[in-house]
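# Structural description and commentary
Chain by chain, the residues:
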Amino acid sequence: MVSRFFGRAMFSQSAAYYDAIYHWKNYEREAEALRGLIRQHSRRPVRTLLDVACGTGQHLAFLREHFAVMGLDLDPGLLAVARQRCPEIEFVEADMVDFDLGQHFDAVTCLFSAIGYVKTVPRLRQAVHAMARHLQPGGVLIIEPWFGPDSWHVGTVHAVFVDQPGLKIARMSISGREDRLSCNDFHYLVATVDGVRHFTERHELGLFTQEEYTQAFSASGLDVMFDFDGLTGRGLYIGTRPL
Ligand SMILES: C[S@@+](CC[C@H](N)C(=O)[O-])C[C@H]1O[C@@H](n2cnc3c(N)ncnc32)[C@H](O)[C@@H]1O
């Protein structure tokens, strides 16, 4: 039984449209930048990589050319898209807060603010701990954070539009907040040859401070630094497991 607060599959209705909605992201360029950072910060040769909360596997589609990779995500709909994109990669359905794959990696990543979905500071610490214990000594953990409590603005109107042959989408939301959670009720209007459908999804993410992120890394025994620019302007926490 999963509570509403920690409900599963936030993308339960929109998984098939994820890639279309985020068409503006340059995953190839991000993967290239990530590779440079991994090279710079790891203290061992990097051959294996785990992408936690990998979504539809778009970073892995590029990273697989350089590393032996594996993906993990909670959402079966997104994993189905990832498996179709990269049939040779192993994808595991699991919760980043508490997973045990029984193996270690030279690099572990968690990108595009997926970490925010853990919602609370105790769960942030658990998730960072789970990722850190999958690292080889000298390995590197890279997490792209969500907004902090001071940088999230309530009442901002957002819209994303998709205009492809045979697929039109409008996704709209107004940013909200409940205490230390950002709340977005996404309204989707999706038109395909089968008709026009409206549905909503609620996405709640934890608003964690820099200190909460860095403490989670330190508590897991990692040396941590913050790369201000990161991949997309949200910065990156980069932890290294001592040798
Ligand atoms: C914004 S998407 C990012 C996906 C991918 N990293 C990307 O860059 O496109 C957030 C991802 O976090 C996943 N997610 C949310 N909570 C999770 C959890 N507790 N464990 C594993 N994955 C989770 C979602 O299913 C989704 O794939």
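See the structure printed just above.
Here we summarise the structure given alongside this text.

What counts and how
Residues numbered from 1 in each chain as written. Predicted model: local features only at pLDDT ≥ 70, side-chain atom pairs only at ≥ 80, totals over all residues. Heavy atoms only, no water. Helix = DSSP H or I, 4+ residues; strand = E, 2+ residues; numbered from the N terminus. Rg over C-alpha atoms; globule rule 2.2 N^0.38 Å. Buried < 20%, exposed > 50% of the residue type's maximum accessible area, 1.4 Å probe, protein only. Contact = heavy atoms within 4.5 Å. Expected span 1.5 Å × (residues − 1). Near = heavy atom within 4 Å. Polar contact = N/O pair within 3.5 Å; in protein donor to acceptor, adjacent residues only side chain to side chain. Areas by Shrake-Rupley, 256 points an atom, 1.4 Å probe, with all protein chains shown as cover. Nonpolar A, V, L, I, M, F, W, Y, C, P; charged D, E, K, R; others polar. Core = buried A, V, L, I, M, F, W, Y, C linked by side-chain atoms within 4.5 Å. Domains from an automatic or database assignment.

### Here's the deal with the overall build of the protein chain
- Regarding its fold elements, the protein chain presents 6 helices and 12 strands.
- On C-alpha atoms alone, the protein chain measures out to a radius of gyration of 18 Å, which is about the 18 Å that the 2.2 N^0.38 rule sets for 243 residues.
- For the protein chain, the spread of C-alpha atoms along the principal axes amounts to about 55 × 40 × 40 Å.
- Going through the 243 residues of the protein chain one by one, you find that 53% of them count as buried.
- Across the protein chain, every contact between residues at least 6 apart in sequence was considered, and the portion connecting residues at least 24 apart equals 62%.

### Examining helix α2 (residues 27-41)
- The terminal C-alpha atoms of α2, which comprises 15 residues, lie 21 Å apart, in line with the 21 Å expected from a rise of 1.5 Å per residue.
- Listed as buried for α2 are Y27, E30, A31, L34, R35, L37, I38 and H41.

### Examining the site of the ligand
- Neighbouring the ligand are 19 residues, the closest being Y18, Y27, A53, D73 and D95.
- L74 is positioned with one of its backbone polar atoms (N or O) 3.4 Å from a nitrogen atom of the ligand.
- Here a nitrogen atom of the ligand and a backbone polar atom of M96 are 2.8 Å apart.
- Burial of the ligand by the surrounding chains reaches 97%, relative to a free accessible area of 600 Å².
- Within the shell around the ligand, the residues separate by chemical class into 14 nonpolar, 2 polar and 3 charged.

### Quick notes on the nonpolar core
- In this structure, V52, M96, I115 and M131 are the most contacted members of the largest nonpolar core, which totals 56 residues.
- When residues in this core are grouped by element, the largest group, 6 residues, is from helix α5 (residues 121-132).
- Both domain 1 (15-148 + 208-240) and domain 2 (157-205) contribute no fewer than three residues apiece to this core.
- Setting aside residues up to four positions removed in sequence, M96 forms contacts with V52, A53, L72, C110, A114, I115, V118, A127, A130 and M131.
- Membership of the second largest hydrophobic core comes to 24 residues, among which are L37, V46, C86 and V140.

### Section: the environment of N26
- Residue position: N26 is located in the loop between α1 (18-21) and α2.
- With 123 residues separating them along the chain, N26 and P149 place their C-alpha atoms 27 Å apart.
- A polar contact of 3.0 Å, which involves the side chain of N26, links it to the backbone nitrogen of R29.

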